[in-house]
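Coordinate analysis (summary)
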Amino acid sequence: MKILAINGNPRKDGNTAKLLKEITKDHVDVDLDSFDLNDLRIRDCQACYFCKKNDACAIKDDMQRLYRKLREADAMVLGSPVYFGVENANTRAFIDRLYALLAFGDGPGKYVPRLKGDKLAISFVCCGAGKGKEVYANIKDRQFAMWANLGFKEVRTYVIAGASPQGNVLELVDAQNMVRECQELLDR
Ligand SMILES: Cc1cc2nc3c(=O)[nH]c(=O)nc-3n(C[C@H](O)[C@H](O)[C@H](O)COP(=O)(O)O)c2cc1C
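Below or above, wherever it landed, is the structure these notes cover. Keep in mind that this is a model prediction, so the values were computed, not measured. (Residues numbered from 1 in each chain as written. Predicted model: local features only at pLDDT ≥ 70, side-chain atom pairs only at ≥ 80, totals over all residues.)

1. A few points about the overall build of the protein
Broken down by element type, the protein carries seven helices and eight strands. In summary, the protein has a C-alpha radius of gyration of 16 Å against a globular reference of 16 Å for 188 residues, a match within 12%. Reported as C-alpha extents along the three principal axes, the dimensions of the protein are approximately 50 × 40 × 30 Å. (Helix = DSSP H or I, 4+ residues; strand = E, 2+ residues; numbered from the N terminus. Rg over C-alpha atoms; globule rule 2.2 N^0.38 Å.)

This is the structure in structure tokens:
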């Protein structure tokens, strides 16, 4: 199994990074590629629509590596912190650039995914708010629909609430449950 792990958080030892490491560690027969978005140069989508006439993005930056990795991967795991109610800017830029993985479909607002195969998408956001699961349920639902629309055949999305700047996330029951669930999925 090829796993692509993407950390959207600039904090390499923060809650998001800790969760990603836990989810992706110690798998047998796994080819793991891990990226920190903060180390990459990924420009914002320029809405040039080159990708709708060509199966490619016109912007030649580090996202080109991630497109290749995404095409090859059996599973992708993306973690992001919540900043002001949404994914942080690194993660937003990455997500917007995934537009290149969609071809125009039959009619307005209709798209055809270009990703092939039985891929698994796991994504989670980490937030400080104690009630984050309720407050940011919209992120979980939106990300779920997004991965499905992009052609991922199996999708899990999560909100992990109550993460402190000191990095307590592995002590949180919801986080432990998520890690266990994801490890099982990646071990199949
Ligand atoms: C710029 C900034 C904005 C934030 N905005 C929110 C927010 O809107 N809601 C929230 O619950 N937590 C917010 N937080 C807290 C982070 O989401 C939380 O600390 C998260 O666990 C960060 O993960 P990390 O440890 O991987 O950095 C914010 C933190 C920063 C730095």
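2. Overview of helix 1 (residues 15-24)
Counting buried residues in helix 1 gives eight out of ten residues, a clear majority hidden from the surface. Taken together, the buried positions of helix 1 are Asn15, Thr16, Ala17, Lys18, Leu19, Leu20, Ile23 and Thr24. Close packing links the buried residues of helix 1 with strand 1 (2-7), strand 2 (31-36), strand 3 (75-83), strand 7 (120-126), strand 8 (154-160) and helix 7 (173-187). Backbone geometry just downstream of helix 1 places Asp26 in the positive-phi region, at approximately 60 degrees. (Buried ≥ 20, exposed ≤ 12 C-beta atoms within 10 Å, placed from the backbone. Contact = placed C-beta atoms within 7 Å.)

3. Considerations on the pairing of strand 2
Note that strand 1 and strand 2 share six bridges and pair parallel. Residue pairing for strand 2: Ala5 is matched across the bridge by Ser34. (Pairing = 2+ DSSP bridges.)

4. Topic: the site of the ligand
Taken together, 18 residues lie around the ligand, and Gly14, Asn15, Cys127, Ala129 and Ala163 are the ones closest in. Sorting elements by how many residues they give to the shell around the ligand places strand 3 first, with three residues. When the residues that make up the shell around the ligand are grouped by side-chain class, the tally is nine nonpolar, eight polar and one charged. (Near = placed C-beta within 6 Å. Nonpolar A, V, L, I, M, F, W, Y, C, P; charged D, E, K, R; others polar.)

5. Some words on unusual backbone geometry
Despite not being glycine, Tyr49 has its phi angle at roughly 65 degrees, a positive value. For Tyr49, the position within the fold is in the loop between strand 2 and helix 2 (50-53).

6. Considering the nonpolar core
In terms of nonpolar packing, the biggest core is built from 44 residues, with Leu19, Val77, Cys126 and Ile160 touching the most fellow members. Tallying contributions element by element places strand 7 first for this core, with six residues. For Val77, the residues in contact, after removing those within four places along its chain, are Ile3, Ala5, Leu20, Ile23, Thr24 and Ile122. (Core = buried A, V, L, I, M, F, W, Y, C linked by C-beta atoms within 7 Å.)

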